Amino acid sequence: MTALPDRPPRRLPAVPTGLLTVAQYAALGETEDGFTELVRGRLIMTPSPNPRHNIILGELHAQLRDQVPSTHRVIPDIDIDLQLAPPDEPGSVRRPDLVVVSRAEVDRVDREGGLLRASEVVLVVEILSPSSKRTDYRTKRDEYCDACIPFYWIIDVDKPVSLAALHFAGEFGYQEAPAEAGVYEATEPFPVKIAVNQLC
């Protein structure tokens, strides 16, 4: 049996000290300790989702994929530059459970690198977990509103699973319709019908 050559230990990229810009955050790449987000320059760790969360995410992605117009793409679990600060200042990056973003923006990232930009996102979705309810309902709601993302859906996994659809109303912030636990239908940001009662 041939001995395998010794391999040098894998080194993780050094984390810059102080507050990070979006570019510094993007340069970190994936971390071994789970995924991260950037909040006003501070790196925060986000707990891994549970199986129910991922089942709902998969079902929602499957339902949305064929309803999104050809000018857009549905992408799960992806970093978004919220564009809340100039490029050389501490920034904010969130990793929503799912986004609908313009195809042109995906092409731009292919060409130029970097992260998807909030200005090209039409819909962001967060699936609640016990540890994220306060963040998703308050903190992220404010951040996505500040980033002027037109539509924000919050899915509550407590039975019956429900979908709360929020839409951006300018100076009035996000306006929220009653949560739907059956079938959610809307004409914006595109004609869509989601069988919420079939997500899990």
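These numbers come from a predicted model, not from an experiment.

**Remarks on the side chain of D79**
Item 1. Following the sequence through the fold, D79 ends up in the loop between β3 (72-76) and β4 (80-81).
Item 2. Only 3.3 Å separates the side chain of D79 from the side chain of Y25, close enough to count as a polar contact.
Item 3. With residues near it in sequence (within four places) discarded, D79 still touches Y25, T36, V93, R94, R95, L115 and L116.

**Comments concerning the confidence of the model for the chain**
Atom-level detail of predicted coordinates should not be read off regions where pLDDT is low.
Item 1. The predicted model of the chain has a mean per-residue pLDDT of 89, with 90% of residues at 70 or higher.
Item 2. When the criterion is pLDDT under 50, residues 8-13 qualifies, and its contacts beyond four places in sequence or with other chains add up to 3 contacts.

**Structural notes on unusual backbone geometry**
Item 1. In this structure, the amide linkage connecting K159 to the following residue, P160, adopts the cis form with an omega of -5 degrees.
Item 2. Checked against the element boundaries, P160 lands in the loop between β9 (151-156) and β10 (162-168).
Item 3. At the junction of E188 and P189, the peptide bond is cis and its omega measures out at 5 degrees in the coordinates.
Item 4. You can see P189 is positioned in the loop between β12 (183-186) and β13 (192-195).
Item 5. Within the chain, D77 stands out as a residue other than glycine whose phi angle is a positive 50 degrees.
Item 6. By the element assignment, D77 lies in the loop between β3 and β4.
Item 7. On the basis of relative accessibility, which here comes to 33%, the residue D77 falls in the partly exposed class.

**Examining the pairing of β10**
Item 1. Most of β10 is tucked away: 5 of the 7 residues are buried.
Item 2. Pairing geometry for β9 and β10, over 6 bridges, is antiparallel. Across the sheet, Y152 pairs through a bridge with L166, a residue of β10.
Item 3. Where β9 folds back on β10, the antiparallel hairpin that results is connected by 5 residues.
Item 4. Pairing geometry for β10 and strand β11 (residues 174-176), over 3 bridges, is antiparallel. When the bridges of β11 are listed, H167 appears paired with Q175.
Item 5. In this antiparallel pair of consecutive strands, β10 and β11, the connection spans 5 residues, and G170 shows a positive phi of 60 degrees.

**Here we look at the nonpolar core**
Item 1. The biggest cluster of nonpolar side chains holds 25 residues, and the ones touching the most others in it are L60, L64, W153, I155, Y184 and I194.
Item 2. Secondary structure elements with two or more residues in this core: α2 (51-65), β6 (98-102), β8 (121-127), β9, β10, β12 and β13.
Item 3. In contact with I155, other than residues within four places in its own chain, are I56, L60, V125, E126, I127, L128, V161, S162, L163 and L199.
Item 4. Formed by 20 residues, the second largest nonpolar core is a distinct cluster that contains V124, C145, Y152 and I154.

**Comments concerning the packing of aromatic side chains**
Item 1. Under the defined criterion, the tally for this structure stands at 4 aromatic pairs.
Item 2. Seen in terms of ring centroids, W153 and Y184 are 5.4 Å apart; in terms of plane orientation they differ by 75 degrees. Their pairing is edge-to-face. A residue pair is termed long-range when its members are at least 10 positions apart, and W153 in strand β9 and Y184 in strand β12 qualify at 31 residues. Across this residue pair, the class does not change: W153 and Y184 are buried.
Item 3. Connected via pairs of aromatic rings, a cluster forms that spans Y144, Y152, F168 and Y174.

**Some points on the state of the cysteines**
Item 1. Counted by the stated rule, this structure contains 0 disulfides.
Item 2. Of the cysteine sulfurs around C145, a residue in no disulfide, the closest is that of C148, at 7.0 Å.
Item 3. A residue is classified by how much of its surface remains accessible, and C148, at 44% relative accessible area, is partly exposed.

Here is what the cut-offs are and how they apply
- Residues numbered from 1 in each chain as written.
- Predicted model: local features only at pLDDT ≥ 70, side-chain atom pairs only at ≥ 80, totals over all residues.
- Heavy atoms only, no water.
- Helix = DSSP H or I, 4+ residues; strand = E, 2+ residues; numbered from the N terminus.
- Polar contact = N/O pair within 3.5 Å; in protein donor to acceptor, adjacent residues only side chain to side chain.
- Contact = heavy atoms within 4.5 Å.
- pLDDT = per-residue confidence, 0-100.
- Buried < 20%, exposed > 50% of the residue type's maximum accessible area, 1.4 Å probe, protein only.
- Pairing = 2+ DSSP bridges.
- Core = buried A, V, L, I, M, F, W, Y, C linked by side-chain atoms within 4.5 Å.
- Phe/Tyr/Trp six-rings, centres within 6.5 Å; stacked < 30°, edge-to-face > 60°.
- Disulfide = S-S within 2.5 Å.

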